[in-house]
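# Survey of secondary and tertiary structure
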Amino acid sequence: QDSTRVYTKEEVSSHTSPETGIWVTLGSEVFDVTEFVDLHPGGPSKLMLAAGGPLEPFWALYGVHNQSHVRELLAQYKIGELNPEDKVPPALETSDPYADDPVRHPALQVNSQRPFNAEPPPELLTENYITPNPIFFTRNHLPVPNLDPDTYRLHVVGAPGGQSLSLSLDDLYKFPKHEITVTLQCAGNRRSEMTQVKEVKGLEWKIGAISTARWAGARLCDVLAQAGHQLRETEAHVCFEGLDSDPTGTAYGASIPLARAMDPEAEVLLAYEMNGQPLPRDHGFPVRVVVPGVVGARHVKWLGRVSVEPEESCSHWQRRDYKGFSPSVDWDTVDFDSAPSIQELPVQSAITEPRDGETIESGEVTVKGYAWSGGGRAVIRVDVSLDGGLTWQAAELCGEGQRPRKAWAWRLWQLQVPVPPGQKELNIVCKAVDDSYNVQPDTVAPIWNLRGVLSNAWHHVHVRVTP
Ligand code: HEM
Ligand code: MTE
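I will try to describe carefully the structure that is included in this document. (Residues numbered from 1 in each chain as written. Chains lettered and ligands numbered in written order. Predicted model: local features only at pLDDT ≥ 70, side-chain atom pairs only at ≥ 80, totals over all residues. Heavy atoms only, no water.)

## Comments concerning the side chain of arginine 377
Short version of the rule: Secondary structure is summarised from DSSP: a helix means a run of H or I of at least four residues, a strand means a run of E of at least two, and numbering begins at the N terminus for each. Each polar contact in these results corresponds to two N or O atoms within 3.5 Å; when the atoms are within protein, one needs to be able to donate a hydrogen and the other to accept it, and residues that are neighboring in sequence are counted only if both atoms are side-chain atoms.
Relative to the helices and strands, arginine 377 is located in the loop between strand E21 (364-372) and strand E22 (379-385). For arginine 377, the side chain forms a polar contact with the side chain of aspartate 434, separated by 3.5 Å.

Below is the structure:
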């Protein structure tokens, strides 16, 4: 190809199908990405939104493209230059869909700015049993919508023979108010440890994609009952749609089985309060779903619509993400339909103190951390080792006690122990056991998966000891 050839905007815009070739522009350059469309990590349909035109307005939404390896990849497909008069107007290039995002707490460790993804540092994570709202981890896929509480309506699609509901916040307040402590964990928590084994696709979460709050709101089962829904013999799912959406208007969505939604004991909430405050914007203002014991991805924020369907949500995040695979499955062989969507999470624990790489005094060491299991399973024990897993001692569990089968929130734990004399280094390890006697795997390689989810191997922290 002669990469100095000049094309007009009109020529580029006539290349939007596999037959004509699929062209895009970035800055003053023109690319033929026909061959790449099916290989796009974000999916072909997203790439096709930009077909025949500039990438800038779309890439402004997804900061992952702001990396040299993405630019190098694109460069391979260059076919020429854009007519200088046809360059994207700077206003479009710089228009920032995230300009209206809220201001965040400076202590958060940011994994991605657009969309905003951040975790509290380990020093603060277990300082409080209840995570303060400003440092609660944040996992956004899109810009934060700015919703007016006065005009906000939650649309609940009615059952056949029932009635659809359009609920204002005041309508929701009229349902009995239910308040529970629930830990939310992202499926990608501790992904950075998987990356050390082999590259995975996703945000590099450390141990902080987990936090705990008191949530209050209406129980989903009460709202569904008012719309005429009942448990069904046949398979059914409750689908949730957020009011955050991408440039095509596709909203964030997810679903849970109807049986969980209708079970009063499962305590699924349409929450409007977090730690006694209205939900912060980053956490779903004015209303989000809270599904105790279930992966964060199903706790849909900025909730706009609830419906009961025979199948799971068709959302990308339900069907093409948040699933686990064998370590031998790669992006060429993965079949997302072959694996169930993640719902309940496996048992998890991590050390928040001391920090990896820290130097501690000889004498005594205090080891602290968190432990939690999905599905309401209680943490019955946390074992701590100072010698890489040769010998173990049980830590003291602290924080709120857990109800059997409804242990929705984490336990914090600590262990104060003498540093074995003469040790120059400690390889501190923790592992938790839940009340089904599920344990954490000892190493991460056998649970490695291409998306880097469900990372729950023993957590290690290496420290040096001053003589
Ligand atoms: C991810 C390239 C167009 C949305 C990625 C990644 C690459 C890439 C290499 C993976 C980055 C990483 O994880 O390090 C490209 C190229 C494009 C293009 C070469 C144009 C020729 C688009 C468009 C959109 C889009 C137009 C949106 C409308 C996304 C999303 C992800 C992604 C959402 C993240 C997927 C995930 O992590 O789940 N893209 N992209 N891309 N892309 Fe694109
Ligand atoms: N809901 C909407 N509408 N949009 C989102 O991007 N992210 C999900 C879930 N709900 C998301 C969403 C994911 S993957 C997680 S882990 C949790 O929200 C994170 O909730 P938090 O940001 O309040 O910690």
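After presenting the structure, the write-up continues.
## Re the pairing of strand E14 (residues 251-257)
The condition is simple: In this scheme, a residue with accessible area under 20% of its type's maximum is buried, one over 50% is exposed, and one in between is partly exposed, where area comes from a 1.4 Å probe on protein chains only. One requirement defines pairing of two strands: DSSP has to find at least two bridges between them.
The buried fraction of E14 is high, at 6 of 7 residues. Relative to E14, strand E13 (residues 237-245) runs antiparallel, the two being bridged by 6 bridges. Within the sheet, the bridge partner assigned to cysteine 239 lies in E14 and is serine 255. Where E13 hands over to E14, the hairpin turn is made up of 5 residues, of which glycine 249 adopts a positive phi near 90°.

## Observations concerning the site of ligand 2
Under the convention used in this document: Think of it this way: one heavy atom of a residue within 4 Å of a molecule or strand is enough to make that residue near it. Accessibility throughout is a Shrake-Rupley quantity obtained with a 1.4 Å probe, and a residue counts as covered only by protein chains that appear here. Under the scheme applied here, ten amino acids are nonpolar (Ala, Val, Leu, Ile, Met, Phe, Trp, Tyr, Cys and Pro), four are charged (Asp, Glu, Lys and Arg), and all others, including Gly, are polar.
Around ligand 2 sit 20 residues in total, of which Phe137, Asp244, His283, Arg288 and Lys301 are the nearest. Taking arginine 288, its side chain carries an N or O atom lying 2.7 Å from an oxygen atom of ligand 2. For ligand 2, the protein covers 100% of the area, taking 530 Å² as the surface of the free molecule. Looking at the shell around ligand 2, the elements with two or more residues in it are strand E8 (138-139) and E13. Residue classes in the shell around ligand 2 are distributed as 9 nonpolar, 7 polar and 4 charged.

## A look at unusual backbone geometry
A cis amide bond, omega -10°, links arginine 114 with the succeeding residue proline 115. The topology assignment puts proline 115 in the loop between strand E6 (109-112) and strand E7 (117-119). In this structure, proline 286 follows phenylalanine 285 across a cis peptide bond, with omega equal to 5°. Structurally, the position occupied by proline 286 is in the loop between strand E16 (277-278) and strand E17 (288-290). The residue arginine 405 is not glycine, and still its phi comes out positive at about 65°. The topology assignment puts arginine 405 in the loop between strand E24 (396-398) and strand E25 (411-418).

## Here's the deal with the coordination of the iron atom of ligand 1
We count it as follows: Sites may look incomplete because water is not among the atoms; the donors themselves are N, O and S atoms within 2.8 Å of the metal, or within 3.2 Å for Na, K and Ca. Key to geometry: four donors with every angle between 85 and 135 degrees are tetrahedral; four donors are square planar and six octahedral where opposite donors lie over 155 degrees apart and all remaining angles lie between 65 and 115; all other sites are irregular.
In this structure, His40 (NE2) and His65 (NE2) serve as the protein donors to the iron atom of ligand 1, at separations of 1.9 to 2.0 Å. Given 6 donor atoms and angles of 88 to 180° at the metal, the environment of the iron atom of ligand 1 is assigned as octahedral. Here the residue histidine 40 occupies a position in the loop between strand E4 (29-32) and helix H2 (44-48), and histidine 65 occupies one in the loop between helix H3 (56-59) and helix H4 (68-75), the gap between them amounting to 25 residues.

## Considerations on the site of ligand 1
Close to ligand 1 lie 22 residues; His40, His65, Gln67, His69 and Arg451 are nearest. Interatomic distance of 3.2 Å between a side-chain N/O atom of arginine 451 and an oxygen atom of ligand 1. Every element with two or more residues in the shell around ligand 1 is listed here: H2, H3 and H4. If one sorts the elements of the shell around ligand 1 by residue count, H4 sits on top with 4 residues. Residues that form the shell around ligand 1 fall into these classes: 14 nonpolar, 5 polar and 3 charged.

## Things to note about the side chain of serine 255
Counted only if it meets this: Contact criterion: two residues are considered in contact whenever any of their non-hydrogen atoms come within 4.5 Å of each other.
Looking at the secondary structure, you find serine 255 in strand E14. For serine 255, the residues in contact, after removing those within four places along its chain, are His237, Val238, Cys239, Phe240, Arg298, Glu312, Ser313, Gln318 and Gln343.

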